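Inside the fold
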Amino acid sequence: MFAPTHDPRQEYPVLSFRFLEKGWDFEELSDEQCREFVCKWQKRSVKTWRELSQIDRHNIGSEKLPKREFKPAIPERFAAEDKFMVFRHHGNLPMAGVKVDNVYYVIWIEKKYNELYNHG
């Protein structure tokens, strides 16, 4: 029933905090922000990557932003990345990371608007 499809777009997202940057992690978030983070990922977890790609970025969908938009230094292991995938957690506060196959590696979680990048 859970055999891989070999097409990451047809698989369900796996969330990883392995590369979460210090100062951009859950310790920095309020209890409400943490709760919303988990609630939104619960909703995302029942969608395939293809389904998520069709959902509005300000809902549970995502967008990709160029690395030049981000204020914190890009971790060396991700220096070759041109764009980072951004999801929202509490309200429209973003989190950013990279997707490899069906795994989304969270790097930064914003706690206050315009800390991660200028929202314009």
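Residues numbered from 1 in each chain as written. Predicted model: local features only at pLDDT ≥ 70, side-chain atom pairs only at ≥ 80, totals over all residues. Heavy atoms only, no water.

Examining the overall build of the protein
Note the cut-off: What counts as a helix is a DSSP run of H or I of at least four residues, what counts as a strand is a run of E of at least two, and both are numbered from the N terminus. Radius of gyration: over C-alpha atoms. The globule rule applied is 2.2 Å multiplied by the number of residues raised to the 0.38 power. The buried label goes to any residue with under 20% of its type's maximum accessible area, the exposed label to any with over 50%, and the partly exposed label to all in between, with areas taken from a 1.4 Å probe on protein chains only. We call two residues in contact whenever any of their non-hydrogen atoms come within 4.5 Å of each other. Shrake-Rupley sampling with a 1.4 Å probe provides the accessible areas, and residues are treated as covered by the protein chains on show and by no other component. Here Asp and Glu are counted as negative and Lys and Arg as positive; His is not counted, and neither are the chain ends. Just so you know, the charge point we use is NZ for Lys, CZ for Arg, CG for Asp and CD for Glu.
Helix and strand counts for the protein stand at two helices and five strands. Starting at the N terminus, the α and β elements of the protein follow one another as β-α-α-β-β-β-β. Taken against the 2.2 N^0.38 rule, which gives 14 Å for 120 residues, the C-alpha radius of gyration of the protein at 14 Å falls within 12% of a compact globule. Classification of the 120 residues of the protein by burial places 40% in the buried group. Sequence separation of 24 or more characterises 54% of the internal contacts of the protein that already satisfy a separation of 6 or more. Of the roughly 7300 Å² of accessible surface on the protein, a fraction of 48% belongs to carbon and sulfur atoms. Both charge centroids of the protein, one from 20 positive and one from 19 negative side chains, sit 4 Å from each other.

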